[in-house]
Amino acid sequence: MSAADEMDEGRLVDWLLGEVSAEQAEAMGREAALDRDVAGRAAELRGLFADLREIGVAPTGRVGVALRTAVERRLVLRNRSRGTSPSARIVWLMRVAAVAMISLGILSFGRWLWISHADGDPVHIAGLLPRPHEARRAPAVEPEVVRSESQATVVPRYWLDDRIMRAFYGALTQSEAAPSETWLCATNDLAALRLEFQGRFNPTRRMAAIHAAGASDYLEHRIQTLGDEIAGKIEIEMLQGTASPSDVALALRALLAAGSSRRLGPHSRAVQRCGEFLAQRVDRLEGGVLASALAGLVDVAVVSPRGTARLVGRNTARMVRALLDDGDGKTRPDLLQWNTPAAQVADAGRVLRLAPAFGVDVEAATKARAYLAAYLAKRVSFSTEERPDLLAAQLYGFGDLIDRAPIERKLRLWHASDLVPNYFVALHHISWSRFPLRAGWAAFQRELRSVAATATPAEVGDAAALLLSLAVYYAAPGCQELLAMASR
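### Things to note about the overall build of the protein chain
Reasoning step 1: Per the secondary structure count, the protein chain includes 26 helices and 0 strands.
Reasoning step 2: Here the protein chain holds 488 residues, and the buried ones make up 50% of them.
Reasoning step 3: Pairs at least 24 apart in sequence give 75% of the contacts found in the protein chain among residues at least 6 apart.
Reasoning step 4: With the model as given, the accessible surface of the protein chain reaches about 23000 Å², and the carbon-plus-sulfur share is 55%.

Next up, the structure:
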């Protein structure tokens, strides 16, 4: 047996990359000097490495993410390949190269692929229900509308005709969470939000929360500066008639997070005008735009619960009916269209979680929200490119219904700086999904400090999402845990 056979491909690569000890490197050098085959293979690999070092790409964040994905997959393949034969190790190297090429190629031509594969084999999503339990087998149901006196039992034909969504039908109709329990959870969440909003309007408590997270006074100054710019921009757009309900809702939520209400704070006039803008139009909105408008009005209802709460309840019930309505049996509702922005689907999930507290039928709201969770998971499963906005929307809108672990693992490839400037809303969703405090929070909040120095985005929606991201320490649901920990 020659030395070339004894020295497998993995050891040769490690030697050339300098990943072996000095004694091993000396021994391998002697082998290469004595065996012509080993020397030839080493020369070929050196040439390959030299060529790879000369490859250049434009310094974009998307390519960086693709490369990090390739590295992560390489490590998985490498762990699986340990202890294999030399021929298997060569196959492993070929797989690594293929994964890297595919990851980069996806960036240029992947978008149309997931659209053309809108229907496929069923996929599994863990924990779709409000309480984790074993998945049950879906009952055999004919592809037609199932109706009874309760709106919550309506199963639209478009759902049953879709093989992936149909796979969840049995689980969605057999939730172990009682309606009274779901209503109580929503009511408690709304009460907790009212308590947390008090911290937003108290400058002392705001600063205490910021300091508890290890941030400096500069962050509060940056938030207030952003609030000034957002208030000016959105008021101009509303006066000119160019403001969209989604941007107005984001701006409204950002100004509330900055510490202003309709009566208090430096931006009270802008808050009042944004609230009136949405209240006057919400009855005529549909689909994802309606969901985003309701997300803004929910925050207003937390502060001023009287008339706004009734408006939220009435229009949220209308959104639920649209999701459960069969229509012609073929057309999906607007919220379930494949081109609906992920941010709007996430807003719908957040609104429907609180819907029972505003008088919406509990079972209907729960089922509508589960439909949206399954739809969003299907979009993620068919996406052939890096989509942090879809992943972040899952955590933000449906984090209590899904298995968070695989989503968190994918998002670890995205640092906060990678989401700027293309994914400001995703940055907001990720930062607000870290409460109660979760693994990776400390590293992520350190990255947020560098993002604070980012120039104010030109678009008012992006600027509002940036402010909401920076205000995470005292404005995100559950953030009071930081203050509780700091006071111990």
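Don't stop here, the text continues.
### Section: helix α18 (residues 342-354)
Reasoning step 1: Given a rise of 1.5 Å per residue, 13 residues ought to cover 18 Å, and the 19 Å separating the end C-alpha atoms of α18 matches this to within 8%.
Reasoning step 2: Of all 13 residues in α18, 11 are buried, a share of seventy percent or more.
Reasoning step 3: Taken residue by residue, α18 has A342, Q344, V345, A346, D347, A348, G349, R350, V351, L352 and L354 as its buried positions.

### Details of the pattern of salt bridges
Reasoning step 1: In total, this model carries 15 salt bridges according to the counting rule given.
Reasoning step 2: We note a salt bridge from R404 to E408, for which the minimum N-O separation is 2.9 Å. Of this pair, R404 and E408 both sit in helix α21 (residues 404-411), 4 residues apart, roughly one helical turn. Each member of the pair, R404 as well as E408, carries the same accessibility label: buried.
Reasoning step 3: Each of R253, D299, D347 and R350 takes part in salt bridges that share partners, so that together they form one network.

### Focus: the confidence of the model for the protein chain
Parts of the model with low pLDDT should not have their predicted coordinates read in detail.
Reasoning step 1: Of all residues in the protein chain, 68% attain a pLDDT of 70 or more, and the chain-wide mean is 76.
Reasoning step 2: Scored below 50 in pLDDT, residues 107-153 makes 106 contacts in the model with residues more than four places away or belonging to other chains.

### What about the packing of helix α19 (residues 362-382) against helix α20 (residues 388-398)?
Reasoning step 1: Interaxial distance between α19 and α20 falls to 10 Å at its minimum, and their mutual angle equals 160 degrees. Judged by the inter-axis angle, α19 sits roughly antiparallel to α20. Here α19 runs over α20; the crossing is left-handed. Residue-level inspection shows R369, L372, A373, L376, A377, R379 and V380 of α19 in contact with α20, the latter providing L390, L391, A393, Q394, G397 and F398.
Reasoning step 2: A per-class count over the contact of α19 with α20 returns 9 nonpolar, 2 polar and 2 charged.

### Let's talk about the side chain of R379
Reasoning step 1: With respect to the helices and strands, R379 occurs in helix α19.
Reasoning step 2: Although R379 is buried, it forms no salt bridge, and the closest oppositely charged side chain is D389 at an N-O distance of 6.0 Å.
Reasoning step 3: Among the polar contacts made by the side chain of R379, one reaches the main-chain carbonyl oxygen of W338 at a distance of 3.4 Å.

### Remarks on the nonpolar core
Reasoning step 1: If you look at the biggest cluster of nonpolar residues, it comprises 114 residues, and the most contacted ones within it are I230, M319, L372 and L467.
Reasoning step 2: For this core, the element with the highest residue contribution is helix α16 (residues 287-303), accounting for 10 residues.
Reasoning step 3: Within the second largest apolar cluster, 9 residues are counted, among which are V13, M28, A32 and L45.

### Remarks on the environment of P457
Reasoning step 1: Assignment of secondary structure puts P457 in the loop between α23 (441-451) and α24 (460-470).
Reasoning step 2: Taking the C-alpha atoms as reference points, P457 and V420, 37 residues apart in sequence, are found 9.7 Å from one another.
Reasoning step 3: Beyond its immediate stretch of four places on either side in the chain, P457 contacts K233, F424, D462, A463 and L466.

### Points about helix α22 (residues 424-432)
Reasoning step 1: For α22, the buried fraction is high: 9 of the 9 residues fall into the buried class.
Reasoning step 2: F424, V425, A426, L427, H428, H429, I430, S431 and W432 are the residues of α22 that are buried.

### So, the packing of aromatic side chains
Reasoning step 1: Here the structure, examined in full by the defined rule, presents 3 aromatic pairs.
Reasoning step 2: Considering the side-chain rings of W338 and Y375, the 5.8 Å spacing of their centres and the 50 degrees angle between planes classify their relative orientation as tilted. A residue pair is termed long-range when its members are at least 10 positions apart, and W338 in the loop between α17 (305-324) and α18 and Y375 in helix α19 qualify at 37 residues. Assigned by exposure class, W338 and Y375 land together as buried.
Reasoning step 3: Ring centres of W414 and Y423 lie 5.8 Å apart, and the angle between their planes is 80 degrees; this geometry places the pair in the edge-to-face category.
Reasoning step 4: On the basis of relative accessibility, which here comes to 4%, the residue W414 falls in the buried class.
Reasoning step 5: Lying across the ring of F277, R281 places its NZ or CZ 3.7 Å from the centre.
Reasoning step 6: The ring of F444 has R434 lying over it, and the distance from NZ or CZ to the ring centre is 5.1 Å.

### Brief notes about the environment of N315
Reasoning step 1: Within the secondary structure, N315 sits in helix α17.
Reasoning step 2: Along the primary structure N315 and L290 are separated by 25 residues, whereas in three dimensions their C-alpha atoms are 8.2 Å apart.
Reasoning step 3: Those residues in contact with N315, other than ones at most four positions away along the chain, are V282, D283, L290 and L294.
Reasoning step 4: At 2.8 Å, the side chain of N315 forms a polar contact with the side chain of R318.

### A word on the environment of R200
Reasoning step 1: Its location among the elements puts R200 in helix α11 (residues 179-200).
Reasoning step 2: Along the backbone, R200 and A258 are 58 residues apart, and their C-alpha atoms lie at a distance of 7.0 Å.
Reasoning step 3: In this structure, R200 is in contact with R206, R253, L256, A257, G259, D299, W432, Y474 and A475, ignoring residues within four places of it in sequence.

### Concerning the packing of α22 against α23
Reasoning step 1: Running from N to C, α22 and α23 cross one another at 145 degrees; their axes reach a closest spacing of 11 Å. At the point where α22 passes α23, the crossing takes the left-handed sense. Contacts between α22 and α23 involve L427, I430 and S431 on the former and, on the latter, W441, F444, L448 and V451.
Reasoning step 2: Partitioned by chemical class, the residues of the contact of α22 with α23 number 6 nonpolar, 1 polar and no charged.

### Digging into unusual backbone geometry
Reasoning step 1: Omega for the peptide link from V420 to P421 comes to 10 degrees, which places this bond in the cis form.
Reasoning step 2: Along the chain, P421 falls in the loop between α21 and α22.

### Focus: the side chain of R200
Reasoning step 1: The buried charged residue R200 lacks any salt bridge, with D299 as its nearest oppositely charged partner at 4.5 Å.
Reasoning step 2: Here the side chain of R200 touches A475 through a polar contact of 2.9 Å, landing on its backbone oxygen.

Definitions and limits used
Residues numbered from 1 in each chain as written. Predicted model: local features only at pLDDT ≥ 70, side-chain atom pairs only at ≥ 80, totals over all residues. Heavy atoms only, no water. Helix = DSSP H or I, 4+ residues; strand = E, 2+ residues; numbered from the N terminus. Buried < 20%, exposed > 50% of the residue type's maximum accessible area, 1.4 Å probe, protein only. Contact = heavy atoms within 4.5 Å. Areas by Shrake-Rupley, 256 points an atom, 1.4 Å probe, with all protein chains shown as cover. Expected span 1.5 Å × (residues − 1). Salt bridge = Lys/Arg side-chain N within 4 Å of Asp/Glu carboxyl O. pLDDT = per-residue confidence, 0-100. Axes fitted to C-alpha atoms, helices over the stretch in contact; angles between N-to-C directions. Parallel < 35°, antiparallel > 145°, perpendicular 65-115°, else oblique. Left-handed = near helix turned anticlockwise from the far one by under 90°. Nonpolar A, V, L, I, M, F, W, Y, C, P; charged D, E, K, R; others polar. Lys, Arg positive; Asp, Glu negative; His and termini not counted. Polar contact = N/O pair within 3.5 Å; in protein donor to acceptor, adjacent residues only side chain to side chain. Core = buried A, V, L, I, M, F, W, Y, C linked by side-chain atoms within 4.5 Å. Phe/Tyr/Trp six-rings, centres within 6.5 Å; stacked < 30°, edge-to-face > 60°. Lys NZ or Arg CZ within 6 Å of the ring centre and 35° of its normal.

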